Each structure stands twice: as C-alpha cells, then as structure tokens.
Amino acid sequence: MALRNIRELGDDVLRKTSREVKEMTPKIQELIEDMFDTMYEADGVGLAAPQVGILKRIVVIDVDDEHPLVMINPEILERKGSQTGYEGCLSVPGKSGIVTRPNYVKARALDENMKTFIVEGEELLARAICHEVDHLDGKMYVDFVEGDLVSTVSGEDEE
Ligand code: NI
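What you see is a predicted model, and the numbers here were worked out from it, not measured in a lab.

By the definition in use, this model includes 1 aromatic pair. Considering the side-chain rings of F36 and Y40, the 5.9 Å spacing of their centres and the 20 degrees angle between planes classify their relative orientation as stacked. Placement of the pair is F36 and Y40 together in helix α1 (residues 26-41), with a separation of 4 residues, close to one helical turn. Taking relative accessible area as the criterion, F36 reaches 13% and is therefore assigned buried. You can call Y40 partly exposed: its relative accessible area is 32%. Here the guanidinium or amino end of K80 rests over the ring plane of Y104, the centre of that ring lying 5.0 Å away.

What follows is the structure, encoded as structure tokens:
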C-alpha cells in the first residue's frame, strides 16, 4: 500500500488538462493501486490522477466501499435529470458546497485492461463521475458552487 500526496486547491496541477492514456504500463497499474489506497485512506468516494499530481486521464471511484471503479479516458455520453446537494473534494479538505449535477449519467471508459466499458450511474455515482471527469479538464466544484463553502461535518462524502 502506498499513499500519494493529495494536491490542494491553489496547486497549479489541478488546473491543467490531463492527457489520454494510450497503453497500460506497470507504472500506471501502480498509480491506480495507489490512487485507491489514497482515496480510501482519506475516506473519499472518488479521486482523479491530477489530484495526486499526475496529468493522466484516470479516475477511481467507490461510492459505497464495495464497488471500486477505475475509469481511464472517461467520456460522459448522456446526462439526464438533475440533483442539487452538497459536494466535497479531497483537494478542498474540510469544506463542502452546493452543486447541481445531472441525476443520471452514462459514461464510456477503458478499464485497467484497456477494455472499453459503459457505466450508468444515478445520484451519488452520477455526481462522482461528473466531479472526477471535471478534474481531468482542470475544473473544480468550487468554480460552480451555489452560495458559500461551508465546513464539512465529518463523515460526509468527499471526491
Ligand atoms: Ni475532487
């Protein structure tokens, strides 16, 4: 198990556009394992590679601690409905804010074997997919938060 340092708001790397992954390598496999370790250790439900300083289009998500999901080069294909609620980010520790997101998304990505798959998500999973894909384009939820950031009650989800 290896933990990586989570970059925080204000770090330039979080504002850059990540590059597509062309092939799986041992180094990227290790990165993905470390991203899961780092996310679980921080009690997060999602983490994107730029949050650990690596500008590659890779995200890991697990909204219920039972369904780890790796998405490489993810692309959102469909968005439906909307949900408005509190959202947090491991790169903005201790804070959360209200963000409106689609209530359903369908996305395509590559898995750790570079095989294409489709994932559909509702509610928290839809929110997490949108949040993490935004990170790959240098976008953070604080850019479109509705109202002020508030201090997070411990135990809330952070992405
Ligand atoms: Ni985040």
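This part takes up unusual backbone geometry. Of note in this structure, D43 is not a glycine but carries a positive phi near 60 degrees. Note on placement: D43 falls in the loop between α1 and β1 (46-48). One non-glycine residue with positive phi stands out, namely E123, at about 50 degrees.

Take G85: it is sitting in strand β4 (residues 83-88). A relative accessible area of 16% places G85 in the buried class. A sequence separation of 17 residues divides G85 from P102, and the C-alpha atoms of the two residues are 11 Å apart.

Attention now moves to the pattern of salt bridges. Where charged atoms of side chains with opposite charge meet at close range, the side chains can pair. Scanning the model with the defined rule gives 11 salt bridges in all. R57 is the partner of D137 in a salt bridge, and the nearest nitrogen-oxygen pair spans 3.1 Å. You can see D137 sitting in the loop between α2 (123-136) and β8 (146-151) and its partner R57 sitting in the loop between β1 and β2 (58-61), a full 80 residues away along the chain. Classification of D137 as partly exposed rests on a relative accessible area of 32%. On the basis of relative accessible area, R57 is assigned to the buried category, the value being 12%. We note a salt bridge from K106 to E78, for which the minimum N-O separation is 3.8 Å. Taken together, the residues span a long stretch of sequence, with K106 in strand β6 (residues 104-110) and E78 in strand β3 (residues 69-80) at a distance of 28 residues.

A few words now on the sheet that holds β6. The 5 strands are arranged β1-β2-β3-β6-β7 in an open sheet whose pairing can be described as antiparallel. The open sheet terminates on both sides in strands that have one partner only, identified here as β1 and β7 (116-122). Adjacent strand axes in the sheet meet at a mean angle of 35 degrees when their direction is disregarded. Across the face of the sheet, α1 comes into contact with β1, β2 and β3 while running at roughly 40 degrees to β2. Lying over the sheet, α2 contacts β1, β2, β3, β6 and β7, oriented at roughly 125 degrees with respect to β7.

Thresholds, definitions, all that
- Residues numbered from 1 in each chain as written.
- Predicted model: local features only at pLDDT ≥ 70, side-chain atom pairs only at ≥ 80, totals over all residues.
- Heavy atoms only, no water.
- Phe/Tyr/Trp six-rings, centres within 6.5 Å; stacked < 30°, edge-to-face > 60°.
- Helix = DSSP H or I, 4+ residues; strand = E, 2+ residues; numbered from the N terminus.
- Buried < 20%, exposed > 50% of the residue type's maximum accessible area, 1.4 Å probe, protein only.
- Lys NZ or Arg CZ within 6 Å of the ring centre and 35° of its normal.
- Salt bridge = Lys/Arg side-chain N within 4 Å of Asp/Glu carboxyl O.
- Pairing = 2+ DSSP bridges.
- Axes fitted to C-alpha atoms, helices over the stretch in contact; angles between N-to-C directions.
- Contact = heavy atoms within 4.5 Å.

The values are spatial; any link to function lies outside them.
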